[in-house]
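Observations on the three-dimensional arrangement
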Amino acid sequence: MHEPRTAVVLGRWLGAALLTCFLTGLLSHLLQQPPTWLRDHLPSRPVDGYRVSQGLHVVSGTAAIPLLGAKLWTVYPRLFEWPPARSVAHALERLGIAVLVASMLLEVFTGLLNTLQWYPWPFPFRQTHFWLGWLATGGLLLHVAAKAPLIAAHWRRPRPGLAQRRAFLTAVTTAAAAVTLTTAGQSVPWLRRLDLLAPRRPDLGPQGLPVNRTAAQAGTTTAPADWRLRVDGPRPLELTMDQLLQLPQYNSELPISCVEGWSASAHWSGVRITELLDLAGAPNGAGVRVTSLEADGPYRVMDMPAHYARHPLTLLALRVNGQVLTPDHGYPARIIAPNRPGVLQTKWVSRLEVL
Ligand SMILES: Nc1nc2c(c(=O)[nH]1)N[C@H]1C(S)=C(S)[C@@H](COP(=O)(O)O)O[C@H]1N2
Ligand SMILES: [Mo]
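Quick notes on the rules
- Residues numbered from 1 in each chain as written.
- Chains lettered and ligands numbered in written order.
- Predicted model: local features only at pLDDT ≥ 70, side-chain atom pairs only at ≥ 80, totals over all residues.
- Heavy atoms only, no water.
- Domains from an automatic or database assignment.
- Contact = heavy atoms within 4.5 Å.
- Buried area = accessible area lost by both parts, 1.4 Å probe.
- Salt bridge = Lys/Arg side-chain N within 4 Å of Asp/Glu carboxyl O.
- Polar contact = N/O pair within 3.5 Å; in protein donor to acceptor, adjacent residues only side chain to side chain.
- Phe/Tyr/Trp six-rings, centres within 6.5 Å; stacked < 30°, edge-to-face > 60°.
- Lys NZ or Arg CZ within 6 Å of the ring centre and 35° of its normal.
- Core = buried A, V, L, I, M, F, W, Y, C linked by side-chain atoms within 4.5 Å.
- Buried < 20%, exposed > 50% of the residue type's maximum accessible area, 1.4 Å probe, protein only.
- Helix = DSSP H or I, 4+ residues; strand = E, 2+ residues; numbered from the N terminus.

1. So, the domain arrangement of the protein chain
Each domain of the protein chain was delimited in the assignment, giving domain 1 (4-194) and domain 2 (206-354). Every contact between the two is made by 25 residues of domain 1 and, on the other side, 26 residues of domain 2. Interface of domain 1 and domain 2: buried area, both sides summed, is about 2000 Å²; carbon and sulfur atoms make up 50% of it. Inspection of the domain 1/domain 2 interface yields zero salt bridges. Summed over the shared surface of domain 1 and domain 2, the number is nine residue pairs in polar contact (both at pLDDT 80 or more).

2. A few points about the packing of aromatic side chains
In the structure shown here, the tally under the stated rule is nine aromatic pairs. Grouped by ring-pair contacts, the aromatic residues Phe109, Tyr119, Trp121, Phe123 and Phe125 constitute a single cluster. If you follow Arg12 out to its NZ or CZ, it ends over the ring of Trp155, 4.5 Å from the centre. The ring of Tyr308 is capped by Arg340, whose NZ or CZ atom sits 4.6 Å from the centre of that ring.

3. Points about the nonpolar core
Formed by 48 residues in total, the largest nonpolar core has its most connected members in Leu229, Leu244, Trp268, Leu276, Leu316 and Leu352. When residues of this core are assigned to their parent elements, the largest contribution, five residues, is made by strand S7 (residues 315-320). For this core, the two domains that each supply at least three residues are domain 1 (4-194) and domain 2 (206-354). The contact partners of Leu352, leaving out residues within four places of it in the chain, are Leu229, Arg230, Val231, Asp232, Ile273, Leu276, Val288, Arg289 and Val290. Leu67, Leu68, Ala70 and Val172 belong to the second-largest nonpolar core, a separate cluster that totals 18 residues.

Here you go:
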């Protein structure tokens, strides 16, 4: 079972999972923090695209864990080969493998802990996860290139096949399928009933959906009694809750899709951002900066490019699932917009600023 054929079969599955994970991860980073040249070209459709892509990211990353374990087990006798280097080329290849294994293990480990909202390390998660992803993918490409002849030689099943190897591969794929099926329900509605191992149940929480950062954690349990929405632009204005409620109210059915892997759809209602921008005299192509009541926190200020802000589904939501927002979901007002990561669905909004 430590033969190249086993490594090739596992490598194909693992490669597919990692490629999916890498591409959806890149997409997530671009949506969350786009480079300037891309900012105005991000898609607002399909409206729950991020739910699918980030769901796939966490599903493929989770499936990669048992596959990676099995792959490492298959090749481990070679990892402890002696002497460590027979030639310069051999030394370089082994160095590449060391980087690949280390970055891959750290990548899935940080990713898994992130889905549990647990950050027991001193470095920033997002940047580390991003650069490790490039490192691991680069290492993987070099590895595949170095092993191409061996991979080609063992691509087809030998005849007769090995019953023992088949049993091992069946066990590994069963394990990968099991962790996938018991966690995917946090983003895939029809797998919800199997959602045994996922850290979140998307239907549990106040008003029928989970909360990431609570109002208590953000220090916004009670909004100031004189709360007003400030809209800064060519014609600045301030609106009380009563005035906001007198503006036309619209409904959106949109998910919160958290980067940590859970998604939950809800019925939102409130005022269209595009109408607020018009009231403030914003030019058509202007984006908007949204600021929260929260005193600090990485998601206190959020920039929204114009085409999201002008999208008819983008709301300053005042109600969710038929009720006034609870403090945990962003009372007095929050942002809800299509095809954006949950971190950008700013809660406890106090100010809009035309950019
Ligand atoms: N002001 C503010 N808004 C925020 C956050 C935050 O920390 N501060 N967290 C975001 C994250 S990470 C997610 S996933 C969503 C979750 O929304 P919910 O708690 O209403 O489900 O809110 C977002 N809005
Ligand atoms: Mo999130």
